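# Chain and residue survey
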Amino acid sequence: MTLDKLLVIAAALFCCGLYTVITRRNAVAVLMGVELILNATNINFVAFSFFLHRMMGGQIFAVFVIVLAAAEAAVALAIFLRMFSTTGTVEVDAANELKG
Amino acid sequence: MIRYAYIIPLLPLASFFINIAVGKRLPRKGDWLSLATILACLAMSVGIFLEVFRAYDPNFKYHVVTPWLTVGDRFTLNVGILVDNITAVMLLVVTGVSTLVHLFSIGYMHGDPRYNRFFAYLSIFSFSMLGLVLSESFFFIYVFWELVGLSSYLLIGFWFEKKSAADACKKAFIANRVGDFGFLIGTLIIFVTCGVLGYDQVFQAIGEGKLSGTLLTIAGIGIFCGAIGKSAQFPLHVWLPDAMEGPTPVSALIHAATMVAAGVYLVGRVYPMFTPDAFLFIAYIGFITLFIAATIALTQNDIKKVLAYSTCSQLGYMIMGLGVGGYTAGLAHLTTHAAFKACLFLGSGSVIHAVHSQDLREMGGLRKKMPITFVTFLIATLAIAGVPGFSGFFSKDMILAAALEFGMKNPHHYILFFGALFTAGMTAFYMFRLVILTFFGAPKDHHKYDHAHESPPNMWVPLVVLAIFSFSFWFKSPFVEKGWFQTLITKPATVANIARSPAAPAPMEHAAVMAPAPEVVSAVSHGTSAPAGTPHAASPAVHGESPEGASHGETPAGAARGAEAEHEAHLAHKAHAYAMYSSVAVGALGIFLAFVVYSLGWIDPVRVMSALKPLHTFLQNKWYFDELYEATVIGGSKALSRGLAWFDLHVVDGLVNLAAQLGVFVSFLVGKFDNYVVDGAVNGLASATIGGGSILRRLQTGKLHHYVFVLAGGALVIFLIKAF
């Protein structure tokens, strides 16, 4: 197991997440894409921390990110609920009221 | 009593305020209040006069002042009163005539709708005149002077419903204002040069030389201008005949005791400050007035107009008397004239009251119907005609003598005497014409004659009292050479051109015809008649510039001066004798002619009239003075006003309009600038913002994918930039 392989896995995971966020219309799916991106970064944090510094900073940061992701999911899902009650859908394309 | 003299003017003032405020609700509409206050004034005046008379001192003077207004440490305006012999006499004249006029008015004004106001006005008139007489400075005499003007305006225009009365009061006021302006200028000259306004202070300052030469002459003439207005002298005499539009008691008051007397009193009061040139001016103004007015009086048919012009003429005598150096003469005529002219006016009022007409052509034969009025009127007429034994003889004679003496010293001015003498004859003639047309002969209008009746006692009592005072023994007993009047009222020393001379009355005065101070006379002959051929100019002691030529010969510095004084006295005596004989002769001639023409009918007045048609028309129209003023002064004023109106309308308004149009034009430009430049900038900014916004809004699609795509793209770009 080398750093390079881990970075490739993380990059692949990041690309999958990005692709999901860009292509999916359902807000929940978009949120899932965001989770993938976050986890890709988590892998990077842990990998760099393990291979380069021999310290626990990266791991700790990754834990923070997981907590953050949980909180983000809670807030995002609450927003989607409000959105659904207002517009009757959770399609992100429907939320275009800020369009200039 | 004299200590309380300040109360005298205050009483009528109080009466005025009470009457004007609540007079209508007082019992009898307040006439008793005015009468009571003026009676109290009369009583006090009599007391003061007796006090002065008991002192019998030509230099008697009671003078109190108290500071009233202090301006820094430079100038203090005093308020005070001055009572000397003239004041005492004038107080008596004013209050006496005023009282009788009040009494007469109760009958005459009975039933008038503004009865109480009439008495209020009479009170303020008395107040003004008494204040004028008692004032001790130029400032206060000017204040009261204007008050007299105001109250005369109120009284002349009392029946203001009549247009003629309303016009007459305006005319009187304006004519007086013209004169008062001169007075003001004179006073201001005095104030500027001397810095004080009290008579004594001013005379002292002039004596010290603070004001002299031409400026002093101008100041004197300026002050005399006030007298010209008030005393109805030549250029401004036109108001007086018109003032007849007022109620007859007012005419009596104005013409006898108050208003017209004010001018003569003023000249007498400031007598020491006149220069010889000013005296000459005064004398000629008086002379012109007395002659013109008498000629007009010859032809008038309105009883009051005749009397008005006779007043004018008599005032001319007084002024001329003062001007030629007859100080005592002028003031004596003022006093005697007050009595007999008041009597004549009140008598004419009684006649008018009886026949309800003022036209002489509708009267006649009233002698039998109104015996008391007739007798008193006749006595007053004899007095004004200068018949010996009556008061007019006493005073007019003195004036003529003064004029003759002046002529003897200055042969260039003989015309003053002969003109005045001729006018004395005319006076006798027109006054007897009046008496004959009114009281003698057959009644011309039987309807009016039948209704005529003697006036009630409160109207004829004043007549009788005034007639009694028209005898000369009140002023001078026929058995003494010099009456009390001549003793008490003596000419004050002149202060003009003289360095600090004590005020010395001349004891050698004969019949009060005081020679004008020698230097005065010589300066006159010096200044006006170049050859200086008079005997006096040759004498060494008399020279206008010599400062020690001041005294009147009382303190002769040398034999020459003594001889001079003796010569003066001799001259005066001679002048007096000549003047007396000639005036009696002329007066008798005038009376005789009047009877010949109007009573005996030896000469038909109508034929004389038609023979002298142009002259008669000229005189009947009062020398066309009104027309002359209408054409010159009034027409000039109107033309000037029209010119100024044109100027206003075209030039001033044009400028204003031009400025306005310029303003409009500039505003137009500014408006355009606002509209296009300022608003353009603001709108341009706004539309630029809108345009920019509408372009930029396209970036904000609202599609989450776009944002994320751009985000990722951006990150990729940054990565690529970093990588290479």
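Residues numbered from 1 in each chain as written. Chains lettered and ligands numbered in written order. Predicted model: local features only at pLDDT ≥ 70, side-chain atom pairs only at ≥ 80, totals over all residues.

Let us look at the overall build of chain B. Each helix and strand in chain B was counted, giving 28 helices and two strands. On C-alpha atoms alone, chain B measures out to a radius of gyration of 37 Å, which is more than a quarter above the 27 Å that the 2.2 N^0.38 rule sets for 724 residues. Once the C-alpha set of chain B is aligned to its principal axes, its extents read approximately 155 × 75 × 55 Å. Here chain B holds 724 residues, and the buried ones make up 50% of them. Of the contacts made within chain B by residues no fewer than 6 positions apart, 78% connect residues no fewer than 24 positions apart. (Helix = DSSP H or I, 4+ residues; strand = E, 2+ residues; numbered from the N terminus. Rg over C-alpha atoms; globule rule 2.2 N^0.38 Å. Buried ≥ 20, exposed ≤ 12 C-beta atoms within 10 Å, placed from the backbone. Contact = placed C-beta atoms within 7 Å.)

Moving on, we come to the overall build of chain A. Along chain A, the regular secondary structure elements total three helices and zero strands. Each helix and strand of chain A, ordered N terminal to C terminal, gives the series α-α-α. Expected size for 100 residues packed as a compact globule is a radius of gyration near 13 Å; at 17 Å, chain A overshoots this value by more than 25%. Projected onto its principal axes, the C-alpha coordinates of chain A cover approximately 50 × 25 × 25 Å. Residues counted as buried form 16% of the 100 residues belonging to chain A.

Time to look at the pairing of strand E1 (residues 61–71) of chain B. Two elements, E1 of chain B and strand E2 (residues 75–84) of chain B, share ten bridges in a ladder whose sense is antiparallel. Among the inter-strand pairings, Thr66 of chain B is bridged to a residue of E2 of chain B, identified as Val79 of chain B. (Pairing = 2+ DSSP bridges.)

A word on the interface of chain B and chain A. Of the residues lining the interface, 13 residues belong to chain B; the matching set on chain A comes to eleven residues. The biggest single contributor to the side of chain B that touches chain A is helix H28 (residues 704–723) of chain B, with five residues. Of the residues in the side of chain B that touches chain A, the class split is six nonpolar, four polar and three charged. (Nonpolar A, V, L, I, M, F, W, Y, C, P; charged D, E, K, R; others polar.)

Let's shift gears to helix H8 (residues 213–230) of chain B. For the α-helix, the turn length of 3.6 residues means that residues three or four positions removed from each other point alike. Residue and element names in this part refer to chain B. For H8, which comprises 18 residues, the first-to-last C-alpha distance of 26 Å matches the rise-based estimate of 26 Å (1.5 Å per residue) to within 8%. The buried fraction of H8 is high, at 14 of 18 residues. Remark: Ala232 follows H8 within two positions and exhibits a positive phi of approximately 55°. (Expected span 1.5 Å × (residues − 1).)

What follows concerns the packing of helix H17 (residues 391–409) of chain B against helix H18 (residues 414–439) of chain B. Residue and element names in this part refer to chain B. Orientation of H17 relative to H18, taken along the N-to-C sense of each, is 155°, at an axis distance of 7 Å. Taken together, H17 and H18 sit at an angle that is classed as roughly antiparallel. The crossing of H17 and H18 is left-handed. Where H17 approaches H18, its residues Lys396, Leu400, Ala403, Leu404, Phe406 and Gly407 are matched on the opposing element by Tyr414, Leu416, Phe417, Ala420, Leu421 and Ala424. For the contact of H17 with H18, the class distribution of residues is ten nonpolar, one polar and one charged. (Axes fitted to C-alpha atoms, helices over the stretch in contact; angles between N-to-C directions. Parallel < 35°, antiparallel > 145°, perpendicular 65-115°, else oblique. Left-handed = near helix turned anticlockwise from the far one by under 90°.)

Turning to unusual backbone geometry, a few remarks are in order. All names here are of chain B. Even without being a glycine, Ala232 presents a positive backbone phi close to 55°. Within the secondary structure layout, Ala232 lies in the loop between H8 and helix H9 (239–242). The residue His356 is not glycine, and still its phi comes out positive at about 55°. Assignment of secondary structure puts His356 in the loop between helix H14 (327–355) and helix H15 (366–369). For His356, a count of 11 C-beta atoms within 10 Å gives the class exposed.

What follows deals with the nonpolar core. In terms of nonpolar packing, the biggest core is built from 198 residues, with Met320, Ala403 and Ala420 of chain B touching the most fellow members. Not counting residues within four places of it along the chain, the set of residues in contact with Met320 of chain B comprises Ala283, Gly286, Phe287, Leu290, Ile399, Ala403, Leu416 and Ala420 of chain B. Formed by seven residues, the second largest nonpolar core is a distinct cluster that contains Val21, Val30, Leu31 and Val92 of chain A. (Core = buried A, V, L, I, M, F, W, Y, C linked by C-beta atoms within 7 Å.)

With 25 residues, helix H2 (residues 31–55) of chain B extends 36 Å from end C-alpha to end C-alpha; this agrees with the ideal 36 Å at 1.5 Å per step. Looking one or two places after H2 of chain B, you find Tyr56 of chain B, whose phi comes out positive at around 50°.

A few words now on the packing of helix H13 (residues 303–323) of chain B against H18 of chain B. Residues and elements named next belong to chain B. Interhelical geometry of H13 versus H18 gives an angle of 155° and a closest axis separation of 11 Å. It follows from the interaxial angle that H13 and H18 lie roughly antiparallel. Relative to H18, H13 is oriented so that their crossing is left-handed. Contact residues: Ile303, Val306, Ser310, Ser313, Tyr317 and Met320 in H13; Leu416, Ala420, Thr423, Thr427, Tyr430, Met431, Leu434 and Thr438 in H18.

Below, the discussion takes up the environment of Gly691 of chain B. When you line up the elements, Gly691 of chain B lands in helix H27 (residues 625–696). On a C-alpha basis, the gap between Gly691 of chain B and Gly30 of chain B in space is 94 Å, while along the polypeptide they are 661 residues apart.

Bringing the environment of Thr89 of chain A into the picture now. All names here are of chain A. One can find Thr89 in the segment after helix H3 (57–87). Judged by the 15 C-beta atoms lying within 10 Å of it, Thr89 is partly exposed. In sequence terms Thr89 and Ala29 are 60 residues apart; their C-alpha atoms lie 13 Å from each other.

The subject of this paragraph is the confidence of the model for chain B. Low pLDDT marks stretches whose predicted atomic positions should not be read closely. Looking at chain B as a whole, the pLDDT averages 82, with 90% of positions reaching at least 70. Reported for the predicted complex are a pTM of 0.71 and an ipTM of 0.71. (pLDDT = per-residue confidence, 0-100.)

Turning our attention to the environment of Glu630 of chain B. Following the sequence through the fold, Glu630 of chain B ends up in helix H27. Sequence separation of Glu630 of chain B and Phe274 of chain B is 356 residues, and the distance between their C-alpha atoms is 33 Å.

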